[in-house]
Amino acid sequence: MTRLLITGASGLLGISLALEALREYEVIGTDRGKLKSAPFQVLRADLMEKNAIASILDSAQPDWLINCAALANLDECEKYPDRARILNSELPGELANVCAKKGIRFVHLSTDAVFDGEKAAIYTEEDQPNPLGVYSQTKLEGERAVQEANPKAIIARVNFFGWSLSGTHSLGEFFVNNLGAGQPVNGFTDVIFCPIFVNYTARLLVAMLEKGLCGLYHVVGAQPMSKYQFGLEIAHKFGLRESLISPKSVLSSGLTARRSHNLRLSTHKLSTDLGREIPRFSTGLDEFYTQYQQGYPQKIRSYQQEAYEKPA
Ligand SMILES: NC(=O)c1ccc[n+]([C@@H]2O[C@H](COP(=O)([O-])OP(=O)(O)OC[C@H]3O[C@@H](n4cnc5c(N)ncnc54)[C@H](OP(=O)(O)O)[C@@H]3O)[C@@H](O)[C@H]2O)c1
């Protein structure tokens, strides 16, 4: 059976990917002590520590490695740029290099935010990135390090929503939690993105590996929308009050890191090379809601240690 190693298995994508892949593959995940009683093997590793990569590869002996570990919070990256550089730029290059030497298929996760959002039309993989902040700069450096070390690697620029271990990580959870509690929230009308249900991201990544793809891909949803519109879609699906969402500009948000306004990314290359359509936003939203009805958020939260404190 193919052995799949997932770094950052406690993250939003990592946990969903592990649970999806478990159906067909032997899954081994790495975490920093957050996971308990997950239904797959977990190796504890701080990937910023020396010898961590060698140690997890020796233990897991994987055929495939998907790197979901990152410093993925934009504002934390502005606050801790050195940490962002190690995790988002250097680590991916080191993983890509070792995987190339050992014949392990490697997938690295990047971001739609490598673009500055100034282009009026949709971005393709051919467009020049121009990152606006520490997060996106370090993610772009990570892409380049991976490309150089391992041209056979897959680099996937993503953006997704779903249920996380903490219950508060994704934009989908933000709207469900706040609107469910009757709390008014802002929805940005001037940030356009292409959200996709995280379980679909997971399935697409596995399909890309199965198909033997390599290189740079946009692995996002095929329907662009503003963050405000996304909130309205969530409210409508979950039967929550749309009027609690105020349409606002991101410029009035007070967020530290600059955000790109247009992150419309083309999925043409992905759907052509996979030979299939990217699932529709509405289908993903339906599944997100079905999971909610079936108690999936509570199920995955039960995989988190109760007294877990994130390492500094
Ligand atoms: N969320 C999105 O919509 C989105 C959008 C664009 C790109 N991406 C990219 O997609 C990937 C996954 O994102 P995500 O939202 O799933 O991120 P996430 O939930 O923040 O997960 C990040 C993972 O990295 C782990 N990690 C952090 N520091 C580590 C260290 N020193 N050693 C080992 N592991 C460490 C975290 O472990 P702990 O749980 O212990 O902190 C966690 O498992 C990232 O590359 C991100 O940049 C995500």
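In the block above lies the structure referred to throughout.
Procedures and definitions
- Residues numbered from 1 in each chain as written.
- Predicted model: local features only at pLDDT ≥ 70, side-chain atom pairs only at ≥ 80, totals over all residues.
- Heavy atoms only, no water.
- Core = buried A, V, L, I, M, F, W, Y, C linked by side-chain atoms within 4.5 Å.
- Buried < 20%, exposed > 50% of the residue type's maximum accessible area, 1.4 Å probe, protein only.
- Helix = DSSP H or I, 4+ residues; strand = E, 2+ residues; numbered from the N terminus.
- Contact = heavy atoms within 4.5 Å.
- Near = heavy atom within 4 Å.
- Polar contact = N/O pair within 3.5 Å; in protein donor to acceptor, adjacent residues only side chain to side chain.
- Areas by Shrake-Rupley, 256 points an atom, 1.4 Å probe, with all protein chains shown as cover.
- Nonpolar A, V, L, I, M, F, W, Y, C, P; charged D, E, K, R; others polar.
- Salt bridge = Lys/Arg side-chain N within 4 Å of Asp/Glu carboxyl O.
- Axes fitted to C-alpha atoms, helices over the stretch in contact; angles between N-to-C directions.
- Parallel < 35°, antiparallel > 145°, perpendicular 65-115°, else oblique.
- Left-handed = near helix turned anticlockwise from the far one by under 90°.
- 1 Å grid on protein atoms, 1.4 Å probe; cavity = no way out; pocket = protein on both sides within 12 Å on 5 of 7 lines; lining within 4 Å.
- Points joined across faces, edges and corners; volume = space filled by probe spheres on them.

Visitor: For the nonpolar core, give the residues involved together with the corresponding values.
Guide: Within the largest apolar cluster, 60 residues are counted, with the highest numbers of intra-cluster contacts made by F40, I66, M208 and F288. Ranked by residues supplied to this core, first place goes to helix 7 (residues 198-211) with 9 residues. In this structure, F288 is in contact with F161, G162, W163, G172, E173, V176, F197, I234 and F238, ignoring residues within four places of it in sequence. Core analysis: the second largest hydrophobic core is formed by 28 residues, A45, A52, A96 and L216 among them.

Visitor: Describe in detail the site of the ligand, supporting the description with residues and values.
Guide: Contacts to the ligand come from 27 residues, most closely from S10, L13, D46, Y135 and K139. G8 is positioned with one of its backbone polar atoms (N or O) 3.3 Å from an oxygen atom of the ligand. Measuring from an oxygen atom of the ligand, one finds a backbone N or O atom of L13 at 2.8 Å. Surface burial for the ligand is 92%, taken as the share of its 910 Å² of free accessible area covered by protein chains. When contributions to the shell around the ligand are tallied by element, the ones reaching two or more residues are helix 1 (12-21), strand 5 (105-111) and helix 5 (134-149). Here the shell around the ligand gets 3 residues from one element, more than from any other, and that element is strand 5. Among the residues making up the shell around the ligand, the classes are represented as 15 nonpolar, 7 polar and 5 charged.

Visitor: Outline the pattern of salt bridges, supporting the account with residue identities and numerical values.
Guide: Summed over the entire model, instances satisfying the criterion amount to 8 salt bridges. A salt bridge links R157 to E143, with the shortest nitrogen-to-oxygen separation between them at 2.7 Å. Separated by 14 residues along the polypeptide, R157 in strand 6 (residues 154-158) and E143 in helix 5 bring together distant segments of the chain. There is no split in this pair, since R157 and E143 are both buried.

Visitor: Mind laying out the packing of helix 4 (residues 81-102) against helix 5, listing which residues take part and the relevant values?
Guide: Their axes nearest at 8 Å, the elements helix 4 and helix 5 cross at an angle of 15°. With respect to each other, helix 4 and helix 5 are oriented roughly parallel. Classified by chirality, the crossing of helix 5 by helix 4 is right-handed. Every residue of helix 5 that contacts helix 4 at P81, A84, R85, N88, S89, P92, G93, A96, N97 and A100 is listed here: V134, Y135, Q137, T138, K139, E141, G142, A145, V146 and A149. When its residues are assigned to classes, the contact of helix 4 with helix 5 shows 10 nonpolar, 7 polar and 3 charged.

Visitor: Residues and numbers for the layout of surface pockets, please.
Guide: Taken as a whole, the second largest pocket holds about 240 Å³ of empty space. Taken together, 14 residues line the second largest pocket, and the ones lying closest to its centre are R23, N199, Q291, Y296 and K299.

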